[in-house]
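The chain contents come next:
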Amino acid sequence: MEQKSLKDQIDLNKLPEHIAIIMDGNGRWAKNQGKERVYGHHNGVKSVREVTEAGAELGVKYMTLYAFSTENWNRPQAEVTALMALLIHTIKDELPTLNKNKIRLQAIGNLSMLPEDAQTELQEAIDGTKDNDRMTLVLALSYSAKWEIIEAVKDIASRAKNGELDITDIDENTISNALNTKGMPDPELMIRTSGETRISNFLLWQLAYAELYFTRTFWPDFRKQHLYEAILNFQNRERRFGMISEQLVEE
Ligand code: IPE
Ligand code: IPE
Ligand code: MG
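A short note on the packing of aromatic side chains
For step 1, the next point in the chain: Taken as a whole, this structure holds seven aromatic pairs when the rule is applied.
For step 2, the next point in the chain: On the numbers, 5.9 Å between centres and 80° between planes, the contact of Y66 with Y143 is edge-to-face. Placement of Y66 in strand β2 (residues 62–69) and of Y143 in strand β4 (residues 135–143) is noted, with a sequence separation of 77 residues between them. A single burial state applies to Y66 and to Y143, both of which are buried.
For step 3, the next point in the chain: Put simply, the rings of Y66, Y143 and F202 pair up and form one aromatic cluster.

Structural notes on the environment of D117
For step 1, the next point in the chain: In this structure, D117 sits in helix α5 (residues 116–128).
For step 2, the next point in the chain: A relative accessible area of 47% means that D117 is categorised as partly exposed.
For step 3, the next point in the chain: The spacing of D117 and A85 is 32 residues in sequence and 9.3 Å in space, taken between C-alpha atoms.

A look at helix α8 (residues 224–235)
For step 1, the next point in the chain: Here α8 contains 12 residues, and its C-alpha end-to-end distance of 17 Å stays within 8% of the 16 Å for a straight helix at 1.5 Å per residue.
For step 2, the next point in the chain: Among the residues making up α8, those that are buried are K224, L227, Y228, A230, I231, L232, F234 and Q235.
For step 3, the next point in the chain: Buried positions along α8 lie against α1 (6–9), β1 (18–22), α3 (37–58), β2, β5 (189–192) and β6 (211–214).

Concerning the environment of E151
For step 1, the next point in the chain: Along the chain, the position of E151 falls in helix α6 (residues 145–161).
For step 2, the next point in the chain: According to the relative accessible area criterion, E151 is partly exposed, its value standing at 32%.

Topic: the site of ligand 2
For step 1, the next point in the chain: Residues in close proximity to ligand 2 include I22, M23, D24, Y66, A67, F68, S69, N72, R75, R192, R198 and S200, which together make up its full environment.
For step 2, the next point in the chain: Measuring from an oxygen atom of ligand 2, one finds a side-chain N or O atom of N72 at 2.9 Å.
For step 3, the next point in the chain: At a separation of 3.2 Å, an oxygen atom of ligand 2 approaches a polar side-chain atom of R192.
For step 4, the next point in the chain: Starting from 400 Å² of accessible surface for ligand 2 in isolation, the protein chains cover 78%.
For step 5, the next point in the chain: Considered class by class, the residues forming the shell around ligand 2 number five nonpolar, three polar and four charged.

Topic: the pairing of β6
The two faces of the sheet receive side chains in turn, since in a regular strand these alternate between them.
For step 1, the next point in the chain: Burial along β6 is one-sided: the residues E211 and Y213 are buried and none of L212 and F214 is.
For step 2, the next point in the chain: Where β5 meets β6, four bridges bridge the pair, whose relative direction is parallel. Bridge assignment links L189 to a residue of β6, and that residue is E211.

Topic: the site of ligand 1
For step 1, the next point in the chain: Neighbouring residues of ligand 1: M23, D24, G25, N26, G27, R28, R37, H41, A67, N72, R75 and L83.
For step 2, the next point in the chain: Contact distances for ligand 1 include 3.3 Å between an oxygen atom and a backbone N or O atom of G25.
For step 3, the next point in the chain: The separation between an oxygen atom of ligand 1 and a polar side-chain atom of R37 is 2.8 Å.
For step 4, the next point in the chain: Summarising the interface, the protein chains cover 87% of the accessible area of ligand 1, which totals 370 Å² for the free molecule.

Observations concerning the pattern of salt bridges
For step 1, the next point in the chain: Under the criterion given, the structure shown has 18 salt bridges.
For step 2, the next point in the chain: We note a salt bridge from R49 to E94, for which the minimum N-O separation is 3.0 Å. Of this pair, R49 sits in helix α3 while E94 sits in helix α4 (residues 77–100), and the two are 45 residues apart along the sequence.
For step 3, the next point in the chain: Take E94: its relative accessible area is 15%, and that puts it in the buried class.
For step 4, the next point in the chain: Where E238 meets R240, a salt bridge forms, and the shortest distance between an N and an O atom there is 2.8 Å.
For step 5, the next point in the chain: Linked through salt bridges whose partners overlap, the residues forming this network are D24, R28, R192, E196 and R198.

Structural notes on the side chain of N201
For step 1, the next point in the chain: For N201, the location among the structural elements is in the loop between β5 and β6.
For step 2, the next point in the chain: Ignoring any residue separated from it by four or fewer positions in sequence, one finds N201 in contact with Y66, E71, Y143, S144, A145 and K146.

Rules of the game
- Throughout this document, residue positions are counted from 1 along each chain, in the order its sequence is written.
- Chains carry letters from A onward and ligands carry numbers from 1 onward, assigned in written order.
- Two thresholds apply to this predicted model, a pLDDT of at least 70 for residue-level local features and 80 or more for giving and counting side-chain atom pairs, whereas whole-chain, interface and lining totals are computed over all residues.
- Derived side-chain values reflect all non-hydrogen atoms in the structure, with water molecules and hydrogen atoms excluded from consideration.
- Whether two aromatic rings pair depends on their centres lying within 6.5 Å, for rings of Phe, Tyr and Trp, where Trp uses its six-membered ring; planes under 30 degrees apart make the pair stacked, over 60 edge-to-face, and the rest tilted.
- Think of it this way: any DSSP run of H or I at least four residues long counts as a helix, any run of E at least two long counts as a strand, and we number them from the N terminus.
- Relative accessibility decides the category of a residue: with a 1.4 Å probe and only protein chains considered, values under 20% of the type maximum give buried, values over 50% give exposed, and everything between is partly exposed.
- What a helix should span is 1.5 Å times the count of its residues minus one.
- Contacts between residues were defined by any pair of non-hydrogen atoms, one from each residue, lying within 4.5 Å.
- For each residue, the test is whether any non-hydrogen atom lies within 4 Å of the molecule or strand; if one does, the residue is near.
- We define a polar contact as two N or O atoms separated by no more than 3.5 Å, with the added condition that, inside protein, one atom must be a possible hydrogen donor and the other a possible acceptor, whereas residues neighbouring each other in sequence contribute only through side-chain atom pairs.
- Only the protein chains shown count as cover for residues, and all accessible areas are computed by the Shrake-Rupley method using a 1.4 Å probe.
- Here the term charged refers only to Asp, Glu, Lys and Arg, the term nonpolar to Ala, Val, Leu, Ile, Met, Phe, Trp, Tyr, Cys and Pro, and the term polar to all other amino acids, Gly among them.
- For two strands to pair, DSSP has to find at least two bridges joining them.
- Definition used for salt bridges: Asp or Glu carboxyl oxygen within 4 Å of a side-chain nitrogen of Lys or Arg.

Below, the structure written as structure tokens:
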């Protein structure tokens, strides 16, 4: 019998509804070829296109890509400038494709830190894709989970102070709804490329029960097949949520 392709082995009834990705290794990928780090960032765009398309084709509903962290502002100025320019061009160039594939764009993070033209371009793309319903692509930009949690705490505290919120009513939903990801399901699968095995201040609250998948592949080499491998790996895990195997009933 012919071997089933990776894609065909995926159980579409057990797809993660939300996949989060730390796109890492652009700089090392470029350095390995004797090129500048920025060359790696440019080549990472194709990987973004590939995973977005693959996710949408399979039926994944949300995909969150960590594109720029709060800490990344501390990189050399030239790299930060190049990344911002790349962001602006990419959003502009990809807008027709997002619409063609019915993908809605959203963003999380401290967006007011972005250069004004990036904010404008981003907002136009968010507004221009808001009615698309196949998949939501979330870009984490100038994002860090600790920043997001601090903002949520400020919001909750001020509502409690104003008397809009009773402190005894604070529960998981109060916090989830005060985060940038309000209304989105938590990611069930988090992928990090490049061999690093850390979270780097990404979605700390939302990843509480996510399955973590680490691959040595550098982000610019990441293709649809790599996403299929990660999803298959996810589907072969037993998610127990604190219970024991025998308690889990097959649906
Ligand atoms: C990820 O690749 C892209 C961003 C963080 C913007 P890196 O730029 O971190 O590449 P490495 O990890 O240094 O190789
Ligand atoms: C995490 O990657 C942030 C993004 C992918 C945008 P980094 O390369 O910045 O993280 P560290 O420095 O390895 O933790
Ligand atoms: Mg890195």
